[in-house]
Amino acid sequence: SIGIYKLVSSLSGKFYIGSSTNIEIRYRRHLQDLANKKHYNYKIIKEYNLGSSFSLDIVESCLPEELEAKELGYILLFDAVDMQLNISCETRRNYY
């Protein structure tokens with residue numbers, strides 16, 4: 001599915017907001033990158049190293065051209081950089 005998702009830590013309940021044109025593949029990529037010690041997000045790595053697993057929560061389905069604006073909107077709405085697991089307000093363009 002195309003849209004905005006949360007990657008939710010089982011340990012703290014904190015979450016990462018992301019977007020993708022294929023959420024399911026992007027979720028698997030997050031998990032693979034963590035297992036292979038190649039994930040780019042130091043906050044997610046810290047949770048993982050403390051024993052957290054991560055679940056997927058689809059926040060909103062949308063059109064591909066809406067991804068960037070909607071992702072930024074949710075990052076700001078949830079104060080995801082300061083209070084959650086996002087490391088910046090910058091959105092990525094590699095959707096999966």
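Residues numbered from 1 in each chain as written. Predicted model: local features only at pLDDT ≥ 70, side-chain atom pairs only at ≥ 80, totals over all residues. Heavy atoms only, no water.

## Some points on the overall build of the protein chain
Under the convention used in this document: Counting from the N terminus, the helices are the DSSP runs of H or I reaching at least four residues and the strands are the DSSP runs of E reaching at least two. For a compact globule the rule gives 2.2 Å times the number of residues to the power 0.38, and the radius of gyration it is set against comes from C-alpha atoms. Partly exposed describes any residue whose relative accessible area lies between the buried limit of under 20% and the exposed limit of over 50%, with all areas from a 1.4 Å probe on protein chains only and scaled to the type maximum. By definition, residues are in contact when any of their heavy atoms lie within 4.5 Å. Using a 1.4 Å probe, accessible areas were evaluated by the Shrake-Rupley method; residue-level cover was limited to the displayed protein chains. Residues scored as positive are Lys and Arg, those scored as negative are Asp and Glu, and His as well as the terminal groups of each chain are ignored. Working definition for charges: the position is that of NZ of Lys, CZ of Arg, CG of Asp or CD of Glu.
In terms of helices and strands, the protein chain carries 3 helices and 3 strands. For the protein chain, the sequential pattern of α-helices and β-strands runs β-β-α-α-β-α. On C-alpha atoms alone, the protein chain measures out to a radius of gyration of 12 Å, which is about the 12 Å that the 2.2 N^0.38 rule sets for 96 residues. If one aligns the C-alpha atoms of the protein chain with their principal axes, the spans along those axes are about 35 × 25 × 20 Å. Burial analysis of the protein chain (96 residues in total) assigns 38% to the buried set. Within the protein chain, contacts between residues at least 6 apart in sequence are counted, and of these 60% link residues at least 24 apart. Per element, the accessible surface of the protein chain, about 5,500 Å² overall, is 53% carbon and sulfur. Where the 12 positive side-chain charges of the protein chain centre and where its 12 negative ones centre are 9 Å apart.

## Looking at the side chain of Lys-6
Quick note on the threshold: Salt bridge, as used here: a side-chain nitrogen of Lys or Arg that lies within 4 Å of a carboxyl oxygen of Asp or Glu.
Positionally, Lys-6 belongs in strand S1 (residues 3–9). There is no salt bridge for the buried Lys-6, and the closest opposite charge comes from Asp-57, which lies 4.5 Å off by N-O distance. Beyond its immediate stretch of four places on either side in the chain, Lys-6 contacts Phe-15, Tyr-16, Ile-17, Ser-55, Leu-56, Asp-57, Val-59 and Phe-78.

## As for the sheet that holds S1
Adjacent strands of a sheet pair through backbone hydrogen bonds, lying either parallel or antiparallel. Heads up, the rule is: Following DSSP output, two strands are said to pair if at least two bridges run between them. To define axes, lines are fitted to C-alpha atoms, for helices over the stretch in contact only, and angles between the resulting N-to-C directions are given on a 0 to 180 degree scale.
Pairing in this open sheet of 3 strands is antiparallel, and the strands run S2-S1-S3 from one edge to the other. Looking along the sheet, the strands with just one partner apiece sit at the ends: strand S2 (15–20) and strand S3 (54–61). Taking each pair of neighbouring strands and ignoring which way they run, the sheet shows an average axis angle of 25°. Judged from the 7 bridges that link them, S1 and S3 form a sheet pairing that is antiparallel. Paired with Tyr-5 across the bridge in S3 is Ile-58.

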